[in-house]
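Single-letter residue listing:
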Amino acid sequence: MSLAVSLILIAIVAITGVYVSWRAGRLDRLHARVETARAALDAALVRRSSVTLEIASSGLLDPAASVLLADLAHDARSAQSGRELAESDLTRALRTVFSGPDVRDSLEPGQLEPGQGADELIAELESTAHQVFIARKFYNDAVAVTIAARGRPLARMLRLAGGAPMPEFFEIDDTLAPAGMGEQGTDMPHLAS
Amino acid sequence: MRIGLVCPYSWDVPGGVQEHIRDLAEALIDLGHAVSVISPADDDAALPSYVVPAGRAVAVPYNGSVARLSFGPLSANRVRRWIRDGNFDVLHVHEPAAPSLSLIACWVFDGPIVATVHGATTRSRALHAAEPMLRSALEKVSGRIAVSEAARTTLVHHLGGDAVLIPNGVTVSRFEKAEPLAGWPGEGGAIGFLGRMDEPRKGLSVLLRAFEVIGAERQALRLLVAGPGDTAEVAARVPPWLRDRVVLLGQVSEAVKVQVYHSVDVFCAPNTGGESFGIVLAEAMAAGAPIVASDLDAFRRVLRGGRAGELFSSGDAADLAAAIGRMLDDPARRAMLSAAASAAVRDYDWAKIARDVVKVYEAVLPASSDAAAAVIA
């Protein structure tokens, strides 16, 4: 009798232990996913400001747009606390510069041969804007799941997350085309063309 | 002369630069020149006939605050078309370093360019990816004007080269005549103040302290305060026994502003510093208001060392109270100062300032051009 009770108790403890450590391991994996996604997002944002700086110094645009984009790209890269605002400001300026119906026709060839450098730079900007969009989506997904997992009673009670800081959403305006100008049927940002 | 003026900031947002360009354009038109202004503005905005809209401006952080600017290929196209259609003898850009239409216009235009610097910009990044473009656009400017010493310092520091100092003007005729506000100045006398209430350098707190002294001596004297700021916060700073004699209008329209100058026996400019010129002072002079002003260098100069208005020791409420008291007791002196102010302000009338600006245009025109020939003939 007492042997059976002990066995059952041991089994319960063992199962609970396995379950808890499985939950802890899952949280750990979620935090790792957040970190990876964050690194990818940072890389995408830095690439976007690099291409912006390259465009600003290319002579492709008018000096007002060049000066402003260079300023904003620099701000976005060096911002600490105001990172989200700075990145949104950069998006808005890029949208203003590149969202006209006849952008490519009205660009100044400058030092670049039309049809060569200009198109490449714009294509590169478009692709980094996609990267930012995707990376931010994935990062915020990871954050949402992690926050939900950490909010479960068991995780809270046993402090399964340990000392890991609570991840935060990254909210910026990253739509490059004005509403209605993007490609139909997709939520990808697009430079008007 | 065919003159193109370029405004970098949105026309429909009130601001010093926009007002300056409007007054300059109208004064130049009065002098018989053909003037066109290009400015960021919506295509369907109600604009004066001489303003060409360059499309909606975008709010972006610039120079420590958020400015509404125009930039990018679409704005550049508008500027190109405007310059082609205008066939200008001279292009006059304002705030050329601001990343907006002025900078674009410098880049596009191939004739003589004059630039006016208004504000003290705080460009921080010395090495800038777009610096070469900025530099080559600004190098085309052949005549520079600064509206104040502060603006001139900025210009020398950031752009290099020197500038002619031509202060802001005031359109005297707009201020000369107006009806006082109903019930003002009243039997007991009235003092006036106009300016940002929450900006310490405008000196409202000095005037409020002085009014406590002088209000106690004169039981019916009132104080009229107009300007942007939190009226409730200012009212709380006035002792309760004096509160119903301090009338706080808050921000007022251009028309009411003119009336304010005509509604008081003494107009007070108690600024404690930072004024390069004092447009409020010039406007009060144009309205012929008897003035008591702090003895800042700029104010002393504008008021002819005290002959066109009473000066008091800056920041000294007791001295201000005494000066106001002397003025209120002496109607003959008030009339004399009013007449002297009206005469002195002629030097700052846009009609005269615009002639000074035209002299700068003439200096940069190529000697062989038709416009220069017309000027010489």
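Residues numbered from 1 in each chain as written. Chains lettered and ligands numbered in written order. Predicted model: local features only at pLDDT ≥ 70, side-chain atom pairs only at ≥ 80, totals over all residues.

A. A look at the overall build of chain A. Of regular secondary structure, chain A possesses six helices and zero strands. Moving toward the C terminus, one meets the helices and strands of chain A in the order α-α-α-α-α-α. Counting the 193 residues in chain A, one finds 31% classified as buried. Long-range contacts, defined here as pairs at least 24 residues apart, represent 75% of the contacts in chain A between residues at least 6 apart. (Helix = DSSP H or I, 4+ residues; strand = E, 2+ residues; numbered from the N terminus. Buried ≥ 20, exposed ≤ 12 C-beta atoms within 10 Å, placed from the backbone. Contact = placed C-beta atoms within 7 Å.)

B. Summary view of the interface of chain B and chain A. Taken together, the contact between chain B and chain A spans 21 residues of the former and 23 residues of the latter. Those elements giving two or more residues to the side of chain B that touches chain A turn out to be β4 (58–62), α2 (73–86), α3 (101–108) and α4 (131–138) of chain B. At four residues, α2(B) tops the list of elements feeding residues into the side of chain B that touches chain A. Along the lines of polarity and charge, the residues of the side of chain B that touches chain A split into 16 nonpolar, four polar and one charged. (Nonpolar A, V, L, I, M, F, W, Y, C, P; charged D, E, K, R; others polar.)

C. Region of interest: the environment of Arg144(B). Residues and elements named next belong to chain B. Within the fold, arginine 144 resides in strand β8 (residues 141–146). The exposure class of arginine 144 is buried, given the 23 C-beta atoms found within 10 Å. Considering only alpha carbons, one finds arginine 144 and valine 238, 94 residues apart in sequence, at a separation of 46 Å. Excluding anything up to four places from it in sequence, arginine 144 contacts Ala115, Val117, Leu155, Gly161, Ala163 and Val164.

D. Representation of the packing of helix α1 (residues 2–56) of chain A against helix α2 (residues 63–78) of chain A within the structure. All names here are of chain A. Contact pair α1 / α2: the axes reach a minimum separation of 9 Å and the direction vectors enclose 155°. Comparing their axes, α2 and α1 come out roughly antiparallel. Helix-helix and strand crossings are classified by hand; for α1 and α2 the assignment is left-handed. Seen from α1, the contacting residues are Leu45, Val46, Ser49, Thr52, Leu53, Ile55 and Ala56; seen from α2, they are Ser66, Leu69, Ala70, Ala73, Ala76 and Arg77. (Axes fitted to C-alpha atoms, helices over the stretch in contact; angles between N-to-C directions. Parallel < 35°, antiparallel > 145°, perpendicular 65-115°, else oblique. Left-handed = near helix turned anticlockwise from the far one by under 90°.)

E. Representation of the nonpolar core. Formed by 160 residues in total, the largest nonpolar core has its most connected members in Ala105(B), Ile291(B) and Ile324(B). Ranked by the residues each element gives to this core, the list is headed by α1(A), at 10 residues. Mapped onto the domain boundaries, this core takes at least three residues apiece from domain 1 (2–169 + 350–376) and domain 2 (175–347) of chain B. (Core = buried A, V, L, I, M, F, W, Y, C linked by C-beta atoms within 7 Å. Domains from an automatic or database assignment.)

F. Broad picture of the domain arrangement of chain B. All names here are of chain B. What the domain assignment reports for chain B is domain 1 (2–169 + 350–376) and domain 2 (175–347). Taking only C-alpha atoms into account, the centre of domain 1 sits 34 Å from that of domain 2. With six residues of domain 1 at the contact, the number on the domain 2 side is five residues. For the side of domain 1 that touches domain 2, the per-class residue count stands at two nonpolar, two polar and two charged.

G. Broad picture of helix α12 (residues 317–329) of chain B. Residues and elements named next belong to chain B. With 13 residues, α12 should reach 18 Å at 1.5 Å per residue; the first-to-last C-alpha distance of 18 Å fits that figure. Buried within α12 we find Ala317, Leu320, Ala321, Ala323, Ile324, Met327 and Leu328. Taken end-on, α12 shows its buried residues confined to a sector of 165°, consistent with a single buried face. On its buried face, α12 sits against β10 (190–194), α7 (204–217), β13 (266–269), β14 (291–294), β15 (310–312) and α13 (331–344). (Expected span 1.5 Å × (residues − 1). Arc of directions from axis to C-beta.)

H. Representation of the confidence of the model for chain A within the structure. All names here are of chain A. Mean pLDDT over chain A works out to 81, with 82% of the residues at or above the 70 mark. The secondary-structure element of chain A with the lowest mean pLDDT is helix α4 (residues 103–106), recorded at 58, while α1 shows the highest, at 91. Low pLDDT, under 50, characterises residues 109–115; the predicted model gives this stretch 10 contacts beyond four residues in sequence or across chains. Note that residues 178–186 has pLDDT below 50 and, in this model, nine contacts with residues that lie over four places away or in other chains. (pLDDT = per-residue confidence, 0-100.)

I. Spatial organisation of the sheet that holds strand β9 (residues 164–165) of chain B. Residues and elements named next belong to chain B. Across the sheet, seven strands lie side by side as β3-β2-β1-β6-β7-β8-β9; this open sheet has parallel pairing. Of all the strands in the sheet, the pair left with one neighbour each is β3 (51–53) and β9. Pairing geometry for strand β2 (residues 34–39) and β3, over three bridges, is parallel. Its bridge partner being in β3, isoleucine 38 is matched across the sheet by valine 52. Its contacts with the sheet put helix α1 (residues 16–30) on β1 (2–6), β2 and β6 (90–94), and the angle it makes with β2 is roughly 160°. Contacts from helix α14 (residues 350–364) reach β6, β7 (113–117), β8 and β9, with the element oriented near 160° to β8. (Pairing = 2+ DSSP bridges.)

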